[in-house]
Amino acid sequence: MSAVIAAYRGRSLVLTPFYNHFTFDTYNQRHCNESIDIDKIKHLLPVATMEEYVQECNNRIDVFFSGINVTNDMTSSHYNRIFTYVQDMTEVFSKLTGIQIPKLSNGTIIQLPDHIPNGYNPLRKVASMPGLFQSDHRCVGVVYPYGLLGRFYYHDFTPVLSKYVLRPAKIQYLAQDVIKSYFQNKRFLGMHWRYNKEWKRQWCFGEHGRDMVACQAINSTVSVTVVRTIQNIMTQFALNGVFLATPLKPGDPFIVDLQNNISNMVTSSTVIDNGLPGIDYVMNDNYRISMLEQEICKHSTIFLGSSRSSWTEIVNEERLHKDNLLIPDVFSKFNKQ
C-alpha cells in the first residue's frame, strides 16, 4: 500500500524494517532486503534507506496518513479501540527504530473522509482523487490498521506490483529449484493449511469468534475428508504433487496422515531434511521459510488456500488470473467418493 501511495504522490519509499509474525518472536526486526527485492522496486519508484530518512528528516515523522476507514456502520467505541491500537503501534515502532513520532491528533494525522460508504476503498481512489493522501509536509508516514483500508484491495495495482514488488532473489531462485527438483516443473498443487491452535484462538473464541461458520467447518473436518478432497482436486486438474505450507509441526498426526495418503506430498521440512543446495539460507528461520513457501505456492498450477488468512490472501493477490481455491469451501465441492 505504501508503495502505491508513494508512486502516485511522487514520494520516495523508505525501506523500513519488517517484523516476524507475533506467534514466533515478537518485534524481531528484519532488514527490508530480507523481504523484498530492492533492486526491482527501484524501477518502480525512488527509495530511501532508514539511515537516509533519519538524516534528511531529522529523525522524525511530521504527519501521518490515516488508514482508519470510518465507515457508516462503525460505532464510536469501535473507532476508539482501533485508534488506540494504532497509537500503541506507532509508539512501538518509535521505540524499535528510534524515529521520533508525534502523538496522533488533529494536527499530526491526515484523516480519510468521514462516513465512508460500505465497500468504498480509498486505495482505489488514489489516482482519481489528487487530494487523497496528499500533504505539503516532506516527511510523512502511513498508519494502516490491520483489516481496514480495504485489506486486500490491490487488484487495480497487481499487474504493476507483481513486476516490481517481489521477494528477494535468493527466495525466488530457491523456490524455482524446489519446483524443479520435486515436481519436475510439471503441474502441482500449492496448499496452505493455516488452522493450528493459534489460529483457532484468534478466530473461534472471544470477540474474534465472528466467523463461526469457518470455525465450525474446520473443527468438524476430519483428515479423511481433506485427503479425499485433495485427491479429487489432483485428479480433476491432472496435478503431479502437492506442496503443503503449514504452521503445523512435521510430526503432527494430521500432516502424517496427509503424507501417508497423498502421493508426492512435499513440505518445507521435506526440502530441508533432504538438503537441497542453497536451503541453508532458510534453515531454522521461520520468517524466510514462510517467504519460500509463499513463493512456491505463488507459482503452483492450482492454489488451495485457507479462509481468514492474510498469508493466503497475499498469495492469491500475487497469482493474478491463476486458479485459486479456498478451504473450507472446497470440501463440499470436491469431497466425493
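Residues numbered from 1 in each chain as written. Predicted model: local features only at pLDDT ≥ 70, side-chain atom pairs only at ≥ 80, totals over all residues. Heavy atoms only, no water.

Some thoughts on the state of the cysteines
Overall, the coordinates contain 1 disulfide when judged by the stated rule. Paired by a disulfide, C57 and C139 hold their sulfur atoms 2.0 Å apart. Because the torsion about its S-S bond is -90 degrees, the bridge between C57 and C139 counts as left-handed. Taken as a pair, C57 in the loop between α3 (50-56) and β5 (63-66) and C139 in the loop between β6 (109-110) and β7 (140-143) lie far apart in primary sequence, 82 residues in all. On the basis of relative accessibility, which here comes to 4%, the residue C139 falls in the buried class. (Disulfide = S-S within 2.5 Å. Helix = DSSP H or I, 4+ residues; strand = E, 2+ residues; numbered from the N terminus. Buried < 20%, exposed > 50% of the residue type's maximum accessible area, 1.4 Å probe, protein only.)

A word on the pairing of β7
Only one face of β7 is covered, namely the one carrying G141 and V143; the face carrying V140 and V142 has none of its residues buried. Note: β5 against β7, 4 bridges, orientation parallel. If you follow F65 over to β7, its bridge partner there is V142. (Pairing = 2+ DSSP bridges.)

Thoughts on the packing of aromatic side chains
A full pass over the atoms with the stated rule returns 5 aromatic pairs. With a centroid separation of 4.4 Å and an interplanar angle of 5 degrees, the aromatic rings of F183 and F188 are classed as stacked. There is no split in this pair, since F183 and F188 are both buried. Over the aromatic face of Y281 sits the side chain of R288, whose NZ or CZ is 4.0 Å from the ring centroid. (Phe/Tyr/Trp six-rings, centres within 6.5 Å; stacked < 30°, edge-to-face > 60°. Lys NZ or Arg CZ within 6 Å of the ring centre and 35° of its normal.)

Considering the sheet that holds β7
The parallel open sheet is built from 3 strands, whose spatial order is β6-β5-β7. Of all the strands in the sheet, just β6 and β7 have a single pairing partner and so form its edges.

With respect to the packing of helix α12 (residues 286-298) against helix α13 (residues 310-318)
Interaxial distance between α12 and α13 falls to 9 Å at its minimum, and their mutual angle equals 40 degrees. The orientation of α12 relative to α13 falls into the category oblique. In terms of crossing hand, the pair formed by α12 and α13 is right-handed. Within the contact between the two elements, α12 uses S290, E293, Q294, C297 and K298 and α13 uses W311, I314, V315 and E318. Residues belonging to the contact of α12 with α13 are distributed by class as follows: 4 nonpolar, 2 polar and 3 charged. (Axes fitted to C-alpha atoms, helices over the stretch in contact; angles between N-to-C directions. Parallel < 35°, antiparallel > 145°, perpendicular 65-115°, else oblique. Left-handed = near helix turned anticlockwise from the far one by under 90°. Contact = heavy atoms within 4.5 Å. Nonpolar A, V, L, I, M, F, W, Y, C, P; charged D, E, K, R; others polar.)

Things to note about the sheet that holds strand β8 (residues 189-192)
Across the sheet, which stays open at both edges, the 5 strands sit in the order β10-β9-β8-β11-β12 with parallel pairing between neighbours. Single-partner strands in this sheet number two, and they are β10 (265-267) and β12 (323-327). Each strand of the sheet is rotated relative to its neighbour by a mean of 20 degrees, with strand direction disregarded. By the bridge criterion, 5 bridges tie strand β11 (residues 302-306) to β12 in an arrangement that is parallel. What sits directly across from L304, in β12, is L325.

Examining the environment of V271
Position of V271 relative to the elements: it lies in helix α11 (residues 268-273). When the C-alpha positions of V271 and S181 are compared, they lie 9.5 Å apart, and in sequence the two are 90 residues distant.

Observations concerning the pattern of salt bridges
Tallied over the full model, the rule gives 9 salt bridges. A salt bridge links R288 to E34; the nearest nitrogen and oxygen atoms lie 3.0 Å apart. Here E34 lies in the loop between β3 (29-30) and α2 (38-41) and R288 lies in helix α12, a separation of 254 residues in the sequence. E34 gets classed as buried once you look at its relative accessible area, which sits at 13%. Residue E295 pairs with R167 through a salt bridge whose shortest N-O separation is 2.8 Å. Remark: R167 occurs in the loop between α5 (158-164) and α6 (169-183) and E295 occurs in helix α12; sequence separation between them is 128 residues. R167 sits in the buried class, given a relative accessible area of 6%. One network of salt bridges, in which partners are shared, links R30, E34, D285 and R288. (Salt bridge = Lys/Arg side-chain N within 4 Å of Asp/Glu carboxyl O.)

Focus: the nonpolar core
Residues M191, W193, I230, L258 and I327 are the most contacted members of the largest nonpolar core, which totals 31 residues. At 5 residues, the largest contribution of residues to this core is made by helix α9 (residues 223-236). In this view, W193 contacts V226, L244, A245, T246, P247, L248, F254, S306, I327 and F331; residues no more than four positions away in its chain are not counted. The next biggest cluster of nonpolar side chains, apart from the first, holds 26 residues, and it includes Y182, I279, F303 and W311. (Core = buried A, V, L, I, M, F, W, Y, C linked by side-chain atoms within 4.5 Å.)

Notes on the side chain of R319
Mapped onto the secondary structure, R319 falls in the loop between α13 and β12. Despite its burial, R319 remains without a salt bridge, the nearest opposite charge being carried by D323 at 6.6 Å. When near neighbours in sequence (up to four residues on either side) are disregarded, R319 contacts C297, K298, H299, S300, T301, I302, F303 and N324. (Lys, Arg positive; Asp, Glu negative; His and termini not counted.)

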